[in-house]
Amino acid sequence: MRDVLPEEARRWRIVEDAIVDVLERFAYEEVRLPLLEATDLFSRSIGAATDIVEKEMFSLTDRDGDSISLRPEGTASCMRALLEHGLLHNQSQRVFYRGPMFRYERPQLGRHRQFHQIGAEAFGMAGPDVDAELIQLGAEIWRALGIDGEIRLEINTLGSAVARAAWRDRLVGYLRRRSAELDADSVQRLNRNPLRILDSKSSATRSVLADAPKFSDYIDEASARHFAELKQMLDALGIAYVENPLLVRGLDYYGKTVFEWITQRLGAQGTVCAGGRYDGLAEVLGGKAVAGAGFALGLERTLLLHEAVHGVPQTSPVDVYCCILQPEQQGFALARVQQLRDGASSLRFRVHVGGGKLGNQLKRADRCGARWALLFGDDELRENRVALKDLATGAQETLSFAAVIERLRGCGEQCT
Ligand code: ATP
Ligand code: MG
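Rules used throughout
- Residues numbered from 1 in each chain as written.
- Chains lettered and ligands numbered in written order.
- Predicted model: local features only at pLDDT ≥ 70, side-chain atom pairs only at ≥ 80, totals over all residues.
- Heavy atoms only, no water.
- Axes fitted to C-alpha atoms, helices over the stretch in contact; angles between N-to-C directions.
- Helix = DSSP H or I, 4+ residues; strand = E, 2+ residues; numbered from the N terminus.
- Parallel < 35°, antiparallel > 145°, perpendicular 65-115°, else oblique.
- Contact = heavy atoms within 4.5 Å.
- Nonpolar A, V, L, I, M, F, W, Y, C, P; charged D, E, K, R; others polar.
- Phe/Tyr/Trp six-rings, centres within 6.5 Å; stacked < 30°, edge-to-face > 60°.
- Buried < 20%, exposed > 50% of the residue type's maximum accessible area, 1.4 Å probe, protein only.
- Lys NZ or Arg CZ within 6 Å of the ring centre and 35° of its normal.
- Pairing = 2+ DSSP bridges.

### Observations concerning the packing of helix α1 (residues 6-25) against helix α11 (residues 299-310)
- Taken N-terminus to C-terminus, the directions of α1 and α11 make an angle of 105°; their axes are 10 Å apart at the nearest point. In terms of their interaxial angle, α1 and α11 are classed as roughly perpendicular. Contacts from R11, W12, V15, E16 and I19 of α1 reach α11 at L299, E300, T302, L303, H306 and E307.
- Taken together, the residues of the contact of α1 with α11 break down into 5 nonpolar, 2 polar and 4 charged.

Printed below as a string of structure tokens:
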């Protein structure tokens, strides 16, 4: 589990704020949910035979003897919360969440045991129109981040539960007959979670899959229509996609539409965002049937891609470093700086504390990457004036407070 230190956290904020801004412009509303849930919530929803539940959860027994787990994903909690608070009864909801998720995996680039997702969920809407909206939302996020050229959309349909079960039976029959040719992982999955074999990376397994029964021969009519309509809407939106019949998801609750946003720029961890439809989930959790669809994007991978495309942004924590020349003026200067903060509200002011020589204070100003230093001297404070030093050019002038506010406000707007 990684520490995100100030410099990196600033870079996270740039990406996170841009994503949340798009979600808000689509009128999705934020929910903030617990990090710990009953283990049962995840085993019932994600599926007891999935990798996540079988091998990746951080679970513990609480003092009452109940098993609880750190959340490995957000959809089940979202559904639970909205059901519990009666927000899904005859209603539709569009929500988003963000925050840490936990999976016991082998850490590597873009794969961590504590990672962060931003997810969007749409409840109570059964049609392909909301699938299209969710995909459009993703496309707008990539556009806002300037990474739309580096990411492609893959879509598939998993049909209805009945159609999927019929196909799964045929698929398992076929794979059993050729099990000698499958990789060991896939043989394991044959009994536990056979659809996951479809996204096996083993070339031997992939060549067996080439002749496997196709879901398109088993799909139910309603799901086929749903999928065809979704594709028409994506065409109308001008969103390019690749149909990938091998795209299944690692979570049991998906049906009908599934999709992934994938990049070539991050090696093996190329799936930046994944989602789909989960109309059966509410019933699995003991509620009445509620349509649902959503996606989750991995923030670490999004950030890696953003920086692969745009480079690592140079950020600094401070815009204006305020030097105080007479320690007895500290209180007065603090009040003055607050007026400047109020006047130039897009800028970040740091006040020097602890006294010391002006030269040392200016060194600190440089070290933290500030653009300006403000020098509060005795005379200036008496006359309601302050010296403003541009740390890039070294130019310095003494101005009235009102003029400093004007100057900084203008620059603040330029640089934000
Ligand atoms: P993968 O196949 O990469 O393990 P997944 O199918 O387990 O992904 P989801 O559960 O659908 O992933 O999660 C959605 C997104 O969350 C992923 O596309 C990825 O960007 C991110 N994600 C999932 N697991 C991790 C992890 N361990 N570390 C970092 N990001 C992750
Ligand atoms: Mg995974």
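### Considering unusual backbone geometry
- A positive phi angle, near 55°, is found at K256, a position not held by glycine.
- With respect to the helices and strands, K256 occurs in strand β9 (residues 255-262).

### Here's the deal with the packing of aromatic side chains
- A full pass over the atoms with the stated rule returns 8 aromatic pairs.
- Residues F58 and Y104 carry aromatic rings whose centres are separated by 5.7 Å and whose planes lie at 70° to one another, so their mutual orientation is edge-to-face. In this pair, F58 sits in the loop between α3 (51-56) and β3 (59-61) while Y104 sits in the loop between β5 (93-102) and β6 (114-123), placing the two residues 46 residues apart along the sequence.
- On the basis of relative accessible area, F58 is assigned to the partly exposed category, the value being 21%.
- Summarising the aromatic geometry, the rings of W167 and F215 are spaced 4.9 Å apart at their centres and angled 55° between planes, so their arrangement reads as tilted. Taken together, the residues span a long stretch of sequence, with W167 in helix α6 (residues 161-177) and F215 in the loop between α8 (203-209) and α9 (221-237) at a distance of 48 residues. Pair check on accessibility: W167 and F215 agree, each one buried.
- Through a chain of ring-to-ring contacts, the aromatic side chains of F123, Y253, Y254 and Y278 assemble into a single cluster.
- Sitting over the ring of F401, R336 keeps its end group 4.3 Å from the ring centre.

### Some words on the sheet that holds β3
- Strand order across the open sheet formed by 3 strands is β2-β4-β3, with antiparallel pairing between neighbours. What marks the edges here is a single partner per strand, and that holds for β2 (36-38) and β3. Each strand of the sheet is rotated relative to its neighbour by a mean of 35°, with strand direction disregarded.
- Judged from the 3 bridges that link them, β3 and strand β4 (residues 67-70) form a sheet pairing that is antiparallel. Counterpart to L60 in the pairing with β4 is I68.

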